[in-house]
Amino acid sequence: MSREYAASYAASQSDPDGFWLNAARALDWERAPTQGWSRQEGWFADGILNTCHNAIDRHVEAGRGEQTAVIYESPVTGQTRHFSYAELRDEVARVAGMLAGLGVAKGDRVVIYMPMIPETLFAMLACARIGAVHSVVFGGFAAPELAKRIDDAKPKLLLTASCGIEGQKVIPYKPLVDHALELTTHSIDHVVLLQRPQLAAEMTAGRDLDWQTELAKAQPTPCVPVASTDPLYILYTSGTTGTPKGVVRDNGGHATALAWSMKHIYGMAPGETFWAASDVGWVVGHSYIVYGPLIAGCTTVLFEGKPVGTPDAGTFWRTIDKHDVDVFFTAPTAIRAIRKEDPQGAFVTDVGTGRLRAMFLAGERADPDTIHWAEDQLGLPIIDHWWQTELGWPAIATCLGMGDTRRKAGSAGFPVPGFHFEILDEGGHPVSHGSSGAVTIRLPMAPGCYATLWNNPEGYAKAFQTFPGYYETGDAGHFDAEGFLNIMGRTDDIINVAGHRLSTGQMEQIVASHPAVAECAVIGADDALKGMIPMAFAVLKAGQEAHANMQGEIIALVRDDLGPVAALKDVHIVEALPKTRSGKILRATLRKIANGETVVTPPTIENADVLDRIMRQLASSG
Ligand code: COA
Ligand code: AMP
């Protein structure tokens, strides 16, 4: 363990307030905070600042205006564009003016349903500039999911584009937006739409406004001061029900945490280039495509493409080389996709990795095989690290920036300063060393973690109820003898499909809404590429016959309700579901069957014969 890491971790535990108040000095404050954490108010309650000023303007004022802030690399449109910090400030100030001109003020919400293009970044930062609260919705969600988020966030405006581009496919956004707005009870003032050259969208007169026309009328608008604890954004994520959880991020704690993490975890210095190959619709995109690198004065890469197919499995390495990326971040599934196409690593041998120092992985467990393959190919440190939408930044990692180099494939690393982990049993007692249990974090958690759930304080409180004084992560894991923390999976019904967080409970609700389905179970089965994929087991109502297209209908239902990202492709119509005598569906047993593991008949089972039949059915379906 590096001395710097050890000292930093100890200081963060013995005096959290002092540690983070000191870290907060890396930012520009309108009024510097004197207060640390309080349970009621969160971090830095008396601080005043502006996140956009910290991400852009202060760098321009400090003489870095000519430095590249954003590189837009879009293999799907064949474009590369550079924006300096001065250009970024001008773009964002004008979009802020456009929003203000349309009546958006401090505290108002703006929903952003846009692809991976520069205007999406401008829009997020423009909201931050005027104290409005953005809520970015991932493009892979269907209209009903967008509608749920609109009804919860109640935005004044919805910002969108005519299309997204997914590999070779052009995905029209406007029909989806129109459908979502038919489903909402909340009505929004306007949709502002950016017409992309790949597809023209039809506009609804009166409601829809053209982005470029509105922007042409806008005046550049300065940053407004906001309270440190004011919300910067709401990001909806899957909970255990069909209703998404609106994670609320503050301004001051978030900016402090991201500035600290860029330097101390990722080892980034101002002027260096950071690339997180994620999507702005996810927390990784918020923290490490947009806010983190810019707050740290780095260059960020906005990549509109996929690890494979745009045009090939060499696209990541070419981008890293072309733009002198220093540190790279992606999901294990992306590396598995590249490996599948290029097992011998011919592209990386051909292209190289430029000045890359390390690759970080997160979003799902990084399996040792993938880590070893990547290490062999790249000859660089491959660092797994763990976090969640709720936390906003990594809580388990190898802190490269503090000279720590300890790594073990299969483990997510060590607790990051500011996070005290405990592994607890069901009764809330610490488990013996090396045993598995619920992964919890003792309060206070470091700055940047969620302050509440939008419109749902009870839901927020629930995460602290099972183990009073601790945040329940929903993951299971254990510390090993050397202090590495291993995360083994969720304790609830959340699954990670290709790095996308989804709820099987929500999918069950949708499958059960098919008129022929009496009951169902959806589980996450292991998948060599995506980590996990959903698999549905459905029992039909009495008198219903399974027809040839029934599976197709159920798959379409999930796709139309939740979105293509759900990636449900496997539906089994079964006679009955395995259940305990008290009627609980044995989902863990179904999961084992789906994974081809040996199944020991649970003693509590009511209908053991069902297990046999399902096993035979899966075996015969291949
Ligand atoms: N907009 C619209 N549709 C989207 C979308 C978006 N932003 N993202 C995904 N989809 C669609 C895909 O086109 C696909 O549709 P299809 O069923 O019609 O083919 C479906 O949702 C499933 O997508 P995905 O799970 O991404 O599978 P894929 O086969 O297209 O790609 C990977 C597989 C591994 C290449 C891809 O999932 C990937 O790059 N994952 C990394 C994710 C990541 O970075 N997560 C962030 C955590 S760090
Ligand atoms: P999300 O909120 O989408 O970031 O998903 C968070 C969940 O993803 C965590 O609770 C974990 O279950 C899983 N996860 C994220 N990163 C890792 C990792 N490095 N190792 C294991 N699981 C991870």
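This structure is a prediction, so every number in the text was calculated from the model and none was measured.

## A word on the pattern of salt bridges
Link 1 in the chain: A complete count under the given rule lists 33 salt bridges for this structure.
Link 2 in the chain: A salt bridge links Lys-156 to Asp-108; the nearest nitrogen and oxygen atoms lie 3.1 Å apart. With a gap of 48 residues between them, Lys-156 in the loop between helix H6 (143–153) and strand S8 (157–161) and Asp-108 in the loop between helix H4 (85–101) and strand S6 (109–113) connect regions that are remote in the sequence.
Link 3 in the chain: Overall, the relative accessible area of 28% leaves Lys-156 in the partly exposed class.
Link 4 in the chain: What makes Asp-108 buried here is its relative accessible area of 16%.
Link 5 in the chain: Of the charged contacts in the structure, one is a salt bridge between Lys-306 and Glu-166, with a shortest N-O distance of 2.9 Å. Placement of the pair is Lys-306 in the loop between strand S17 (299–303) and helix H11 (315–322) and Glu-166 in strand S9 (residues 163–166), with a sequence separation of 140 residues.
Link 6 in the chain: A network of salt bridges, in which partner residues are shared, links Lys-174, Asp-178, Arg-207 and Asp-208.

## Quick word on the site of ligand 1
Link 1 in the chain: The local shell around ligand 1 holds 21 residues, among which Lys-169, Pro-307, Ala-498, Lys-530 and Arg-559 are the closest.
Link 2 in the chain: Residue Gly-140 places a main-chain N or O atom 3.4 Å away from a nitrogen atom belonging to ligand 1.
Link 3 in the chain: A distance of 3.1 Å is found between an oxygen atom of ligand 1 and a side-chain nitrogen or oxygen belonging to Lys-530.
Link 4 in the chain: Starting from 940 Å² of accessible surface for ligand 1 in isolation, the protein chains cover 84%.
Link 5 in the chain: Of the residues contributing to the shell around ligand 1, the split by class is 9 nonpolar, 6 polar and 6 charged.
Link 6 in the chain: Two domains share the shell around ligand 1, each providing at least three of its residues, namely domain 1 (3–305 + 385–477) and domain 2 (498–621).

## As for unusual backbone geometry
Peptide bonds are, in most cases, trans, and in most cases residues other than glycine have a negative phi.
Link 1 in the chain: Following Thr-310, the chain continues into Pro-311 via a peptide bond in cis, with omega recorded as -5 degrees.
Link 2 in the chain: Residue placement: Pro-311 occurs in the loop between S17 and H11.
Link 3 in the chain: Going from Leu-443 to Pro-444, the amide bond is cis rather than trans, its omega being 0 degrees.
Link 4 in the chain: Even without glycine at this site, Lys-154 takes up a positive phi of about 45 degrees.
Link 5 in the chain: By the element assignment, Lys-154 lies in the loop between H6 and S8.
Link 6 in the chain: Note on Lys-154: relative accessible area 42%, which makes it partly exposed.
Link 7 in the chain: Despite not being glycine, Asp-324 shows a phi value in the positive range, around 50 degrees.
Link 8 in the chain: If you trace the backbone, Asp-324 turns up in the loop between H11 and strand S18 (327–330).

Rules and cut-offs
- Residues numbered from 1 in each chain as written.
- Chains lettered and ligands numbered in written order.
- Predicted model: local features only at pLDDT ≥ 70, side-chain atom pairs only at ≥ 80, totals over all residues.
- Heavy atoms only, no water.
- Salt bridge = Lys/Arg side-chain N within 4 Å of Asp/Glu carboxyl O.
- Helix = DSSP H or I, 4+ residues; strand = E, 2+ residues; numbered from the N terminus.
- Buried < 20%, exposed > 50% of the residue type's maximum accessible area, 1.4 Å probe, protein only.
- Near = heavy atom within 4 Å.
- Polar contact = N/O pair within 3.5 Å; in protein donor to acceptor, adjacent residues only side chain to side chain.
- Areas by Shrake-Rupley, 256 points an atom, 1.4 Å probe, with all protein chains shown as cover.
- Nonpolar A, V, L, I, M, F, W, Y, C, P; charged D, E, K, R; others polar.
- Domains from an automatic or database assignment.

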